[in-house]
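# Structural overview for review
Given next are the chains, with one letter for each unit.
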Amino acid sequence: MKLIAPSILSADFSNLALQISQAESGGADWIHCDVMDGHFVPNITFGPIGVKAAKKCTKLPIDVHLMISDPDKYAEDFVKSGADIITFHQEAVIHVNRTINFIKSLGVKVGIAINPSTPFSVLSEVVDLVDLVLIMSVNPGFGGQSFIEKSLDKIETAAKFREENKLNYLIEVDGGINKKTIQDVERAGCDVFVAGSSVFHTENISLSIVELKK
Ligand code: DX5
Ligand code: ZN
């Protein structure tokens, strides 16, 4: 599977509706919303209001990536704002199993994300419960960073574990995805490719998605 999830972190917010529709006409599959709280990561973006605005612009699934310290406290607000998938960070919570079940109970799909320094093995006891595993290929917090090559091994590990254990989670990769890096990431076993600057910081948003989908 090859799904492209453009991240509106790199979009022009004064032109959000137009830019999302351009992404859609290029073949975007999901719209990725990067929520940052200035605590779990050293940057602040937007909260439920931003997700609600994105939802109004599209019928595509809204993929919410919570880079926040207390996902349990805010998950419901994001569901009310139109999230279809909510992904939280393993590093942010103590009781991972509880958070997974709580988000599922809200009626949305659930994903779990891991930072570049976190091994895939920390997920072995919970990965059968999630719909998606998000492997960060940059340190979360900012768009426009370079892809960390070592992430390829981790993607392969996640794909192998899925196969060996007959599981169904999607593997999503986030950070530094562009025309050059996407091929290796696809080969390693990724299904959902998040792309911010390589989509929105270009002359032609639709065409950039078409290029990534090739
Ligand atoms: C990083 C965010 C990413 C970011 C990716 O913290 O989670 O989704 O928008 O941006 P690019 O594609 O520019 O690396
Ligand atoms: Zn993200």
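Preceding this paragraph is the structure being described.
Residues numbered from 1 in each chain as written. Chains lettered and ligands numbered in written order. Predicted model: local features only at pLDDT ≥ 70, side-chain atom pairs only at ≥ 80, totals over all residues. Heavy atoms only, no water.

## Regarding helix α5 (residues 151–164)
Basically, it comes down to this: Working definition: helices are DSSP H or I runs of at least four residues, strands are E runs of at least two. Numbering for both runs from the N terminus. Multiplying one less than the number of residues by 1.5 Å gives the expected span of a helix.
In a regular helix each residue adds 1.5 Å, so 14 residues correspond to 20 Å; α5 covers 20 Å between its end C-alpha atoms and thus fits that length. Where α5 terminates, the next one or two residues include Lys-166, which has phi positive at roughly 50 degrees.

## Re the coordination of the zinc ion (ligand 2)
The cut-off we apply is this: Only N, O and S atoms count as donors, using a 2.8 Å limit from the metal and a wider 3.2 Å limit for Na, K and Ca, and since water is excluded some coordination spheres may look unfilled. All geometry calls rest on donor angles, where a four-donor set with angles between 85 and 135 degrees is tetrahedral, four- and six-donor sets with opposite donors more than 155 degrees apart and all others between 65 and 115 are square planar and octahedral, and all else is irregular.
Distances from the zinc ion (ligand 2) to its protein donors, namely His-32 (NE2), Asp-34 (OD), His-65 (ND1) and Asp-174 (OD), fall within the range 2.0 to 2.3 Å. Bound by six donor atoms, the zinc ion (ligand 2) shows angles of 66 to 167 degrees at the metal and therefore octahedral coordination geometry. Counting along the primary sequence, the residues that act as donors to the zinc ion (ligand 2) give the motif H-x1-D-x30-H-x108-D. Taken together, the positions of Asp-34 in strand β2 (residues 31–36) and Asp-174 in strand β7 (residues 170–174) put the pair 140 residues apart, joining distant regions of the chain.

## Topic: the site of ligand 1
We apply this condition: Proximity criterion: a residue is near a molecule or strand once any of its heavy atoms comes within 4 Å of it. Under this definition, polar contacts are N or O atom pairs within 3.5 Å; protein pairs additionally need one hydrogen-donor-capable and one acceptor-capable atom, and for neighbouring residues in sequence, both atoms have to be side-chain atoms. In these tables, accessible area is a Shrake-Rupley quantity obtained with a 1.4 Å probe, and a residue counts as shielded only by the protein chains included in the view. Note on residue classes: Ala, Val, Leu, Ile, Met, Phe, Trp, Tyr, Cys and Pro are nonpolar, Asp, Glu, Lys and Arg are charged, and everything else, Gly too, is polar.
Residues in contact with ligand 1 amount to 20 residues; listed here are only the nearest, Asp-34, Gly-141, Asp-174, Gly-196 and Ser-197. Within the side chain of His-65, a nitrogen or oxygen atom sits 3.3 Å from an oxygen atom of ligand 1. For ligand 1, an oxygen atom lies 2.7 Å from a polar atom in the backbone of Gly-196. Against a free-state accessible area of 380 Å², the protein chains account for coverage of 99% of ligand 1. For the shell around ligand 1, the elements supplying multiple residues, two or more each, are β2, β3 (62–67) and β8 (192–195). Grouping the constituent residues of the shell around ligand 1 by class yields eight nonpolar, ten polar and two charged.

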